[in-house]
Amino acid sequence: MMHEEIGFEQIRNWLGQRCGISYSDQKKDLLLQRLNRVQRAFGIERLSDMSRRLQDVAEHDLQLAVMHAASTNHTYFFREMDVLDKFRDNILPSLANRNEIRIWSAACSSGDEAFTLAIIIAETLGMAALNKTLILGTDISAPVVERAEAGIFGGRQLDQVPSHLLSKYFKPIGMGQYQVVDAIRSRCTFRRLNLKTTPYPFKQPFQVVFCRNILYYFDIADQKATVDAIYDVTEPGGWLITSVTESVRDLSTRWQPAGTSINRKEGRNK
Ligand SMILES: C[S@@+](CC[C@H](N)C(=O)[O-])C[C@H]1O[C@@H](n2cnc3c(N)ncnc32)[C@H](O)[C@@H]1O
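Anyway, here's the lowdown on the structure attached to this text. (Residues numbered from 1 in each chain as written. Predicted model: local features only at pLDDT ≥ 70, side-chain atom pairs only at ≥ 80, totals over all residues.)

A look at the overall build of the chain
Phase 1 of the analysis: Helices and strands together make up the secondary structure of the chain, namely eleven helices and ten strands.
Phase 2 of the analysis: Compactness check: the chain gives a C-alpha radius of gyration of 20 Å against a globular reference of 18 Å for 270 residues, within 12% of the reference.
Phase 3 of the analysis: Counting across all 270 residues of the chain, residues that qualify as buried make up 36%.
Phase 4 of the analysis: Of the contacts made within the chain by residues no fewer than 6 positions apart, 74% connect residues no fewer than 24 positions apart. (Helix = DSSP H or I, 4+ residues; strand = E, 2+ residues; numbered from the N terminus. Rg over C-alpha atoms; globule rule 2.2 N^0.38 Å. Buried ≥ 20, exposed ≤ 12 C-beta atoms within 10 Å, placed from the backbone. Contact = placed C-beta atoms within 7 Å.)

This is the structure in structure tokens:
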């Protein structure tokens, strides 16, 4: 193997081990393009140099840049409405009387899912319920977490937002951009978190965890470790929601399948 190929393979392994992001041989070119961008930004001539620097704890900025470049951040508001409808109709009513509604959007990208959930809660249970709701959005990539915190969106990310909800929950700020209104934004908090770093550091359990369009980047062992760790931070009787293309059923975990994309933790909440 050529020196550069060895460097590339080392970075591919680093991404797998550190972030659980696996790139198949068919996607090698895509990863190479993405790494080239980081090389240019950091003025790194060779992938072998990049690989060596990634091993150094002091190279935090480079590590973050490689993680961000390698992850696909595609997301949008009201994604996969079928499962959101089930959340609204079958799960939300059971949370209406809780003192606090706690939801985690794991691998949230720019926050579209977290804000969508807050809007659904406001529409379904009303503002009083929204005001006792905490939605945590986390992602491995620092730039997307910053975008979520700004709450500014435009273009295709908003295509699925019904027009009456766009005028109710977004304020136009010019150039086709909209900012999520404060009533929604104030219920959503965003943090950087690597799903591969288990156990997760939460003091209080969540009633519902959304973990969508991320598991398929992980190999089977990481998928299992992730949904197991999510189980441990979910309250008894709580829910894990994945995307239609991701199945927890085959991973032999403690989750009970409860319909397409929906899984339930055993036990009853207090
Ligand atoms: C395709 S987006 C999915 C966003 C959203 N959940 C949705 O369904 O629309 C995948 C996100 O996972 C994040 N990600 C990748 N590896 C991760 C990891 N190890 N820990 C946390 N987030 C990760 C990426 O940065 C990216 O923003």
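From this point on, the discussion continues.
Topic: helix α8 (residues 142–150)
Phase 1 of the analysis: For α8, the set of buried residues is V144, V145 and A148. Axial view of α8: buried residues confined to an arc of 105 degrees, hence all on one face.
Phase 2 of the analysis: The inward-facing, buried residues of α8 abut α6 (112–125), β2 (133–139) and β6 (188–192).
Phase 3 of the analysis: Of the residues trailing α8, G151 is marked for its positive phi of about 65 degrees. (Arc of directions from axis to C-beta.)

Considering the sheet that holds strand β3 (residues 152–154)
Phase 1 of the analysis: Strands sit in the order β3-β5-β4 across an open sheet of three strands; the sheet is antiparallel. Pairing within the sheet leaves two strands with one partner each, and these edge strands are β3 and β4 (170–174). Each strand axis lies, on average, 40 degrees off the axis of its neighbour in the sheet, ignoring direction.
Phase 2 of the analysis: Relative to strand β5 (residues 177–180), β3 runs antiparallel, the two sharing three bridges. Pairing of G154 across the sheet is with Q177, part of β5. (Pairing = 2+ DSSP bridges. Axes fitted to C-alpha atoms, helices over the stretch in contact; angles between N-to-C directions.)

Points about the site of the ligand
Phase 1 of the analysis: Near the ligand lie 24 residues; those nearest to it are S71, T75, A107, S109 and N213.
Phase 2 of the analysis: The residues that make up the shell around the ligand include at least three from each of domain 1 (3–70) and domain 2 (81–264). (Near = placed C-beta within 6 Å. Domains from an automatic or database assignment.)

Some thoughts on the packing of helix α2 (residues 28–42) against helix α4 (residues 60–70)
Phase 1 of the analysis: Two elements in contact, α2 and α4, have axes separated by 9 Å at closest approach and are oriented at 145 degrees. Crossing of α2 against α4: the hand is right-handed. On α4, the residues touching L31, R34, L35, R37, V38, A41 and F42 of α2 are L62, A65, V66, A69 and A70.
Phase 2 of the analysis: Partitioning the contact of α2 with α4 into residue classes produces ten nonpolar, no polar and two charged. (Left-handed = near helix turned anticlockwise from the far one by under 90°. Nonpolar A, V, L, I, M, F, W, Y, C, P; charged D, E, K, R; others polar.)

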